[in-house]
Amino acid sequence: MEYLKAEEKHIKECQVLKNEVIKRLREQNLDIWNEEYPSDKHIEEDILSGAARIVTENDEIIAFAALYKTVEEFGEEIFKHENLFSFSRLMVKTGFEGKHVATFLIKSMLEEAKNRGAAGCGIMVHPINPKAIKMYENLGFKFEQRKLYPYGDFMTYSLIFEKNHAELR
């Protein structure tokens with residue numbers, strides 16, 4: 001597996017992946033995503049802004065996520081800590097679930113965030129997604145709060161790196 005920054009040439013393949021994941025979530029009765037969120041436009045913006053990260057295997061995109069400075073994606077008051085990165089729209093291609101692809105992607109993003117000077121990383125997760133919650137907790141993320149936002153009911157988790165880092169670059 002290879003961790004890469006997504007490029008403009010990956011837009012369509014990432015949008016197809018997103019639609020495939022939405023279909024799979026529906027089949028599993030996980031009402032997390034739909035045609036409105038994440039939209040094809042979200043994926044395109046993630047890639048064009050330089051925030052999108054992918055995992056490839058044999059030149060095939062098997063996972064996607066967007067890695068942002070938390071204040072850029074969510075604003076100031078979502079997480080209890082400052083100087084965090086966050087990731088969202090994490091998705092794994094059908095057939096690659098349970099093969100630690102998401103864990104590889106998350107660990108790669110955590111390492112990148114640390115190298116870019118972040119104090120840690122925060123995430124928001126739907127409470128109806130127990131597999132994701134378990135994975136994040138196994139990776140060391142700590143629960144902060146559950147809150148109803150204008151865009152839905154979410155739980156926030158954060159993982160703070162062991163040593164202090166410089167301001168985000």
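Residues numbered from 1 in each chain as written. Predicted model: local features only at pLDDT ≥ 70, side-chain atom pairs only at ≥ 80, totals over all residues. Heavy atoms only, no water.

### Quick look at the overall build of the protein
Quick reminder of the rule: Helix numbering and strand numbering both begin at the N terminus, where a helix is a DSSP run of H or I of at least 4 residues and a strand a DSSP run of E of at least 2. Radius of gyration: over C-alpha atoms. The globule rule applied is 2.2 Å multiplied by the number of residues raised to the 0.38 power. Buried residues are those whose accessible area, probed at 1.4 Å on protein chains only, stays under 20% of the maximum for their type, while exposed residues exceed 50% and partly exposed ones sit between those limits. Surface accessibility in these figures is a Shrake-Rupley result with a 1.4 Å probe; residues are shielded only by whichever protein chains are displayed. Just so you know, the count uses Lys and Arg for positive and Asp and Glu for negative, and it drops His and the chain ends. Taken as the charge centre is NZ of Lys, CZ of Arg, CG of Asp or CD of Glu, depending on the residue.
On a plain count of helices and strands, the protein comes out with 5 helices and 7 strands. Tracing the protein from N to C terminus, the helices and strands come up as β-α-α-β-β-α-β-α-β-α-β-β. Compactness check: the protein gives a C-alpha radius of gyration of 15 Å against a globular reference of 15 Å for 169 residues, within 12% of the reference. Summarising its shape, the C-alpha atoms of the protein cover approximately 40 × 30 × 30 Å along the three principal directions. A buried classification covers 51% of the 169 residues belonging to the protein. Surface summary for the protein: the accessible area is close to 9,400 Å², and the carbon and sulfur share equals 48%. Put simply, the protein has 24 plus and 29 minus side-chain charges, and the middle of one group is 3 Å from the middle of the other.

### Focus: the pairing of strand β7 (residues 152-160)
Note the following rule: Pairing between two strands requires that DSSP report at least two bridges joining them.
Counting buried positions over the 9 residues of β7 gives 7, a clear majority of the element. Where strand β5 (residues 120-125) meets β7, 6 bridges bridge the pair, whose relative direction is antiparallel. Bridge pairing links M124 to T156 in β7. Relative to β7, strand β6 (residues 142-149) is paired through 7 bridges, and the arrangement is antiparallel. The partner of K147 across the bridge, within β7, is F154. Hairpin connection between β6 and β7: a loop of 2 residues separates the two successive antiparallel strands.

### Notes on the pairing of β5
Using the following cut-off: Note on handedness: a crossover is taken as right-handed if, strands pointing away from the viewer, the path from the first strand over the helix to the second is clockwise.
Where burial is concerned, most of β5 is hidden: 6 out of the 6 residues are buried. Here β5 shows a buried face lined by G120, G122 and M124 and a second buried face lined by C121, I123 and V125. Judged from the 3 bridges that link them, strand β4 (residues 84-92) and β5 form a sheet pairing that is parallel. Its bridge partner lying in β5, S86 is registered against G122. Following the backbone out of β4, through helix α4 (residues 101-115) and into the adjacent parallel β5, one traces a crossover that is right-handed.

### Topic: the packing of helix α1 (residues 11-27) against helix α2 (residues 40-48)
Which entries qualify depends on this criterion: For helices, the fitted line uses only the C-alpha atoms of the stretch in contact; every axis is such a line through C-alpha atoms, and the angle between N-to-C directions lies from 0 to 180 degrees. Just so you know how the angles are binned, under 35 degrees is roughly parallel, over 145 roughly antiparallel, 65 to 115 roughly perpendicular, and the rest oblique. Crossings are classed by handedness, with left-handed meaning an anticlockwise turn of the near helix from the far one by less than a right angle and right-handed meaning a clockwise turn. Here a residue-residue contact requires only that any non-hydrogen atoms of the pair lie within 4.5 Å. Any residue that is not Ala, Val, Leu, Ile, Met, Phe, Trp, Tyr, Cys, Pro, Asp, Glu, Lys or Arg is counted as polar, Gly included; the first ten are nonpolar and the last four charged.
One way to put it is that α1 packs onto α2 with a least axis distance of 9 Å and a crossing angle of 140°. As far as their axial angle goes, α2 and α1 are oblique. Handedness of the crossing formed by α1 with α2: right-handed. For the pair formed by α1 and α2, the contact residues are I11, C14, Q15, K18 and N19 on the first element and D40, I43, E44, I47 and L48 on the second. The residue makeup of the contact of α1 with α2, split by class, is 5 nonpolar, 2 polar and 3 charged.

### A closer look at the packing of aromatic side chains
Inclusion rule: Under the pairing criterion, centres of Phe, Tyr and Trp rings, with the six-membered ring standing for Trp, must be within 6.5 Å; the plane angle then separates stacked pairs below 30 degrees from edge-to-face pairs above 60, leaving the rest tilted. We count a charge as sitting over a ring when the NZ of a lysine or the CZ of an arginine lies within 6 Å of the ring centre and within 35 degrees of the ring normal.
A complete count under the given rule lists 5 aromatic pairs for this structure. Each ring, one from F87 and one from F141, has its centre 6.1 Å from the other, and the planes form 80°; the classification is edge-to-face. With a gap of 54 residues between them, F87 in strand β4 and F141 in the loop between α5 (130-138) and β6 connect regions that are remote in the sequence. Judged by relative accessible area, which is 2%, F141 ranks as buried. Three or more aromatic residues joined by ring pairs make a cluster, and in this case those are F87, Y136 and F141. Sitting over the ring of F96, K99 keeps its end group 5.6 Å from the ring centre.

### Re α4
Quick note on the threshold: Take the residue count of a helix, subtract one, and multiply by 1.5 Å to get its expected span.
In this model, α4 (15 residues) spans 21 Å end to end at C-alpha, consistent with the 21 Å of a helix rising 1.5 Å per residue. Those residues of α4 lying buried are V101, A102, T103, L105, I106, S108, M109, L110, E112 and A113. A positive backbone phi angle near 95° is found at G117, which sits one or two residues after α4.

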